[in-house]
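Residue-level structure breakdown
Each chain, letter by letter, is given below.
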Amino acid sequence: MVDPRIIVALDCQNENEALALTAKLDPSLCRLKIGKELFTATGPQLVEKLMRLGFEIFLDLKFHDIPNTVKNACIAATRLGVWMINVHAMGGKKMLLAARKAIPIEKTRLIAVTLLTSMGPSDLNDIGLYEAPEEIVQRLALLARDCGLDGVVCSALETKQLKQLIPDNFYLITPGIRPIDSATNDQQRVTTPRQAIENGSDYLVIGRPITQANDPLLMLQRLTAEINIQKVTL
Ligand code: C5P
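Definitions and cut-offs
- Residues numbered from 1 in each chain as written.
- Predicted model: local features only at pLDDT ≥ 70, side-chain atom pairs only at ≥ 80, totals over all residues.
- Heavy atoms only, no water.
- Near = heavy atom within 4 Å.
- Polar contact = N/O pair within 3.5 Å; in protein donor to acceptor, adjacent residues only side chain to side chain.
- Areas by Shrake-Rupley, 256 points an atom, 1.4 Å probe, with all protein chains shown as cover.
- Helix = DSSP H or I, 4+ residues; strand = E, 2+ residues; numbered from the N terminus.
- Nonpolar A, V, L, I, M, F, W, Y, C, P; charged D, E, K, R; others polar.
- Buried < 20%, exposed > 50% of the residue type's maximum accessible area, 1.4 Å probe, protein only.
- Pairing = 2+ DSSP bridges.
- Right-handed = clockwise from strand over helix to strand, strands pointing away.
- Axes fitted to C-alpha atoms, helices over the stretch in contact; angles between N-to-C directions.
- Contact = heavy atoms within 4.5 Å.

1. Section: the site of the ligand
In the vicinity of the ligand, the contacting residues are Ala9, Asp11, Lys33, Thr117, Pro175, Arg178, Gln187, Val205, Ile206, Gly207, Arg208 and Pro209. Here an oxygen atom of the ligand and a backbone polar atom of Gly207 are 2.8 Å apart. Here Arg208 contributes a side-chain N or O atom positioned 2.7 Å from an oxygen atom of the ligand. Against a free-state accessible area of 470 Å², the protein chains account for coverage of 79% of the ligand. Put simply, the parts of the chain that give the shell around the ligand at least two residues each are strand E8 (203–206) and helix H10 (208–211). Per-class residue counts for the shell around the ligand are five nonpolar, three polar and four charged.

Written out as C-alpha cells, the structure reads:
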C-alpha cells in the first residue's frame, strides 16, 4: 500500500473550493488535512465525499475537553473512517487515555498537539508556564507517548530532538514546510521537504506551496520526488 508522506492542508472556505482543488491532486501522492474552518462550514459530508474520491483524511480538529466528551468526539471521528485525528496534549493524562481507549489501534491514528507554535515565552508566562517552550514540548510528547498515542504534531525545529527522545513507533507530523523557491508567507521557521524528512519527520503538512501553485499536481509530484530521492554519500 502506498504511504504518501505529504498531507495537503485543505485550508478552503467552502466545498466548491475544496473540490476544485482536490480535482487537481492525486490520492496516491498525498493525504488531505481538513481543519476547523472547512469542517465547520461543510460538516462530515465533505469528508465522506473526499474519501469516496480515494483520499485519506487527517481531521485536524484538535479536541480538548473533559475526558468523556473527547472520548465521544473520537468515537464519532473514527466512525467517519478518517485516517488521523488529533487532540491537545494539554488536556492531560485522563483525557489522552480516554481518547486512546475510544479508538481501536490500527484504525485511526491518534496524535497530539503539544504546544501551539503561536505560543511564545510571554504567552506561556501569561498562563502560568515558565519553562522553556522546548521543555514543555518534550514533556507533553512523552506524556502523549506514555498514554499510547501514535505521535505528535511538531515544528520543524523540534523534529530532531523529538526523534532522539522517542525514536521508535511515534509519528512526527510537521507543518511549516517550504520548497526552496517558495514564499514563506506567514510561517516564521521553515524547512524544505527534504530537510524535514532528514530531520526525522514522518509526514509533512504542506498548504500554500501546493494549493496556490499554478499547477498543484506538478508541484505535488516535484515535492514527492524531492522527498523520495536517495541521498548519495560520496
Ligand atoms: O500554507 P501552509 O503550508 O503554511 O499551511 C500549513 C498548515 O499547517 C495550515 O493548515 C496551518 O494551520 C497548519 N499548522 C501550522 N503550524 C502549526 C500547526 C498547524 O502551520 N504549528
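Right, picking up where we left off after that structure.
2. Here we look at the pairing of E8
Taking every second residue as pointing to the same face, both faces of E8 are buried, with Tyr203 and Val205 on one and Leu204 and Ile206 on the other. Two strands pair when backbone bridges link them, and strand E1 (residues 6–9) and E8 are joined in this way by three bridges, in the parallel orientation. Bridged to Ile6 within E8 is Leu204. As paired strands, strand E7 (residues 171–174) and E8 are joined by two bridges and run parallel to one another. Of the residues in E8, the one forming a bridge with Ile173 is Tyr203. In the classification by handedness, the crossover that spans E7, the intervening helix H9 (residues 193–198) and the parallel E8 is right-handed.

3. Side note on the sheet that holds strand E6 (residues 151–153)
The parallel closed barrel is built from eight strands, whose spatial order is E1-E2-E3-E4-E5-E6-E7-E8. The average undirected angle you get between the axes of adjacent strands in this sheet is 25°. When E6 meets E7, the two strands line up parallel, connected through three bridges. What sits directly across from Val153, in E7, is Ile173. Helix-sheet contacts for helix H11 (residues 216–228) involve E1, strand E2 (30–35) and E8, and the interaxial angle to E1 is about 145°.

4. Points about the side chain of Asp202
Its location among the elements puts Asp202 in the loop between H9 and E8. One polar contact links the side chain of Asp202 to the main-chain amide nitrogen of Leu172, over a distance of 2.8 Å. If near-sequence neighbours (up to four positions away) are discounted, Asp202 is found in contact with Arg5, Lys163, Phe170, Tyr171 and Leu172.

So yeah, pure geometry; function would need other evidence.
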